[in-house]
Amino acid sequence: MGKNGKLKIIPLGGLGEVGKNMTAYEFQNQILVVDAGIMFPKNDMLGIDYIIPDYEYLRQKADKVVGIVITHGHEDHIGAIHHLLDDVAAPVYATRLTRGLIEVKLARNNATSKAQLNTVEAGGSVEIGPFKVEFFHICHSIPDAVGLGITTPAGLVVHMSDFKFDHTPVDGWPTDYAKLAEFSKRGVDLLLSDSTNAERPGWTPSEMVIGPALDKVFTDAPGRVIVATFASLISRIQQVADAAAKHGRKMALAGSSMVDNVKIARKLGYLNIRDDVLVPLEQALQMQNHKVVLMCTGSQGEPSSIVGRLSAGTNRQFDLKPDDTVVLSSHPIPGNEETISKTINRLLRRGANVIYDALAPVHVSGHASQEEQKLLINMVKPTHFMPIHGELRQLKRHGMLAVELGIPEENVIVVENGQTVELSGGRIRMGDRIPGGYVFVDGQSIGDVDYDIMRERGKLARNGIFLIDISVDKLDGRLLHDPEIITRGFVSPEDAEEMIPEVRRRIMEAVNGGGWDNEKDIVNTVKSYLYEETKRRPMVLVTLSKA
Ligand SMILES: [Zn+2]
Ligand SMILES: [Zn+2]
């Protein structure tokens, strides 16, 4: 079949990082968006709630966007949907469970009215503008995840979102291998595939291995079991519910995102939990300890999550008890290792027993390892290969795997966010570069916080602040009274007590001696003295009034 026109592939998020997945496909000036995820902030991003992709490109072409397809209900794929819909009023396509989770998210953000949601089915297909999109089931750690076959006159692209080849998944629904083989027969011009575990040899274990591990935890736990995971890890919630039923414990959910997600997943039939197993949290807190399992968020040690608050002793509704067993059932997102480690130590210090994946298989990855990635490439036999969903080292490694399998090196495209790629005449070439950075979401504000603010917050957090208030006579420029000095987070009050008189003396000398032009000179005088004394650089602020 002849190939016509040019398909532009636009990676807006998830390439060169973990999280905020978003890819756009553009053909004849019409755009299809795949996924709209968020990324969790790293340790040094102070005060940031989460990060969304920089989709300025889509905002500028908002009327050209013909559809938004969401592959599955994890936060790194649906988390930014309400922000995107603010700027781009295109119809959304998702499977039943994914749609249900999107509805929960929109309702929580008062954004329901903006969305036109369409339900699609694995095995089905939809024409969206010039794009024919075929949905096929893929196995992951959430039910109802799909991969996409995207056909345009320029060729066939297979967009493999997060997947693993699990032969015994929790929901009994393995990946649609037949569809992959069929694509292969038709001829796939480009395969995009999940690189999360590209550095991991072998096969990712089946979700089935978690059952026995949870059994052991439930048998050994003398008191309550508290399981922390992501609110969207629906398969894990099912496994904990099964273990609870088996061991005669009641399960309760803590945290509104967990409650909402479970409600919708049960309603749609993707979670099978008996009515008598699930009890309200208030009831569970009144029951005997060994009869209870609590599910909550916070497996990444986030300070604002329930497990984060339990570790700090600041959770309002309930506190840790000495015979609690806390299970962290998820893998650390890169960058979170330190926070998780601190949280584990705090939980232990507060008397809880803590089980995490280094101690027992209470978590398995939802992503394919090398052998599964190779199997996919061999099954699909694409002409070109483009790794997605991973840090640069994972993308590179994934690209190397493809080369090992015989895909010519020049047909393997490793790019990061913002580097567009073009498919035309059955060939791939690099396109133009567009923005592909971070947009920080901080409370109600989107994009107002930039790197400068982040640097300031970092400085304040690391070195504290030194505030100086001076007022001078507007005629002769001499001080009207002694400078007032306040310091916070810089040195101990005793040390400050010792330094402040000298700081005051130097300011008076500079101001009354006329050796200054503006506040900046005072700031520098104080900064250099403080640095000499402490080898630290707090933020120094001077307020000046003239009277
Ligand atoms: Zn996922
Ligand atoms: Zn993902």
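Worth saying up front: this structure is predicted, and the values here are computed from it rather than measured.

Brief notes about the packing of aromatic side chains
Here is step 1: Under the definition given, this model contains five aromatic pairs.
Here is step 2: Ring centres of F40 and F230 lie 6.3 Å apart, and the angle between their planes is 15 degrees; on these two criteria the pair is classed as stacked. Of the two residues, F40 is situated in the loop between β3 (30–34) and β4 (50–53) and F230 in the loop between β13 (225–228) and α7 (234–246); the sequence distance between them amounts to 190 residues.
Here is step 3: Taking relative accessible area as the criterion, F40 reaches 33% and is therefore assigned partly exposed.
Here is step 4: The structure contains a cluster of three or more aromatic residues connected by ring pairs, namely F163, F165 and Y177.
Here is step 5: Residue placement shows K535 over the ring face of Y531; its charged tip is 5.1 Å from the ring centre.
Here is step 6: In this structure, R537 is placed above the aromatic ring of Y531, and the distance from its NZ or CZ to the ring centre is 4.0 Å.

A few points about the coordination of the zinc ion (ligand 2)
Here is step 1: Those protein atoms acting as donors to the zinc ion (ligand 2) are D76 (OD), H77 (NE2), D162 (OD) and H389 (NE2), and they sit at 2.1 to 2.2 Å.
Here is step 2: Geometry at the zinc ion (ligand 2) is irregular, judged from the four donor atoms that bind it and their angles of 91 to 158 degrees at the metal.
Here is step 3: Sequence spacing among the residues donating to the zinc ion (ligand 2) works out to D-H-x84-D-x226-H.
Here is step 4: A separation of 3.4 Å is found between the zinc ion (ligand 2) and the zinc ion (ligand 1), which are bridged by D162. Placement of D162 in the loop between β11 (155–159) and α5 (177–186) and of H389 in the loop between β18 (384–388) and α13 (392–404) is noted, with a sequence separation of 227 residues between them. Take D162 and H389: they sit in the same class, and that class is buried.

Focus on the nonpolar core
Here is step 1: Formed by 71 residues in total, the largest nonpolar core has its most connected members in L58, I68, L84, I102, F218, M251 and I273.
Here is step 2: Non-local contacts of L58, meaning those with residues more than four positions away in its chain, are made with L12, M22, A24, I31, V33, V65, L84 and V88.

So, the coordination of the zinc ion (ligand 1)
When a metal holds four donors in a tetrahedron, each ideal angle between them is 109.5 degrees; when it holds six in an octahedron, the ideal angles are 90 or 180 degrees.
Here is step 1: In the first shell of the zinc ion (ligand 1), the protein supplies H72 (NE2), H74 (ND1), H140 (NE2) and D162 (OD), at 2.1 to 2.3 Å from the metal.
Here is step 2: Look at where the donors of the zinc ion (ligand 1) fall in the sequence and you get H-x1-H-x65-H-x21-D.
Here is step 3: Residue classification places H72 among the buried positions, given a relative accessible area of 0%.

Re the side chain of Q394
Here is step 1: With respect to the secondary-structure elements, Q394 resides in helix α13.
Here is step 2: Owing to a relative accessible area of 9%, Q394 belongs among the buried residues under this scheme.
Here is step 3: Of note is the side chain of Q394, whose polar atom sits 2.7 Å from the backbone nitrogen of E391.
Here is step 4: In contact with Q394, other than residues within four places in its own chain, are V18, S195, T196, A198 and E199.

Let's talk about the sheet that holds β4
Here is step 1: The antiparallel open sheet is built from three strands, whose spatial order is β4-β21-β22. Of all strands in the sheet, those bounded by a partner on one side alone are β4 and β22 (445–446).
Here is step 2: Relative to β22, strand β21 (residues 438–442) runs antiparallel, the two being bridged by two bridges. If you follow D442 over to β22, its bridge partner there is S445.

Description of α13
Here is step 1: In this model, α13 (13 residues) spans 18 Å end to end at C-alpha, consistent with the 18 Å of a helix rising 1.5 Å per residue.
Here is step 2: Buried within α13 are the following residues: Q394, L395, H398, G399, L401 and A402. Along α13, the residues classed as buried sweep out an arc of 155 degrees about the axis, all on the same side. Structural note: α13 exposes R393 and E404 on the side pointing more than 90 degrees away from its buried face.
Here is step 3: Of the surrounding secondary structure, the elements contacted by the buried residues of α13 are β12 (190–194), α12 (370–380) and β18.
Here is step 4: Two residues or fewer past α13, G406 is found with a positive phi of approximately 105 degrees.

What counts and what doesn't
- Residues numbered from 1 in each chain as written.
- Chains lettered and ligands numbered in written order.
- Predicted model: local features only at pLDDT ≥ 70, side-chain atom pairs only at ≥ 80, totals over all residues.
- Heavy atoms only, no water.
- Phe/Tyr/Trp six-rings, centres within 6.5 Å; stacked < 30°, edge-to-face > 60°.
- Helix = DSSP H or I, 4+ residues; strand = E, 2+ residues; numbered from the N terminus.
- Buried < 20%, exposed > 50% of the residue type's maximum accessible area, 1.4 Å probe, protein only.
- Lys NZ or Arg CZ within 6 Å of the ring centre and 35° of its normal.
- Donors = N, O, S within 2.8 Å, 3.2 Å for Na, K, Ca; no water.
- Tetrahedral: all angles 85-135°; square planar, octahedral: opposite > 155°, others 65-115°.
- Core = buried A, V, L, I, M, F, W, Y, C linked by side-chain atoms within 4.5 Å.
- Contact = heavy atoms within 4.5 Å.
- Polar contact = N/O pair within 3.5 Å; in protein donor to acceptor, adjacent residues only side chain to side chain.
- Pairing = 2+ DSSP bridges.
- Expected span 1.5 Å × (residues − 1).
- Arc of directions from axis to C-beta.

Honestly, it's all geometry; don't read function into it.
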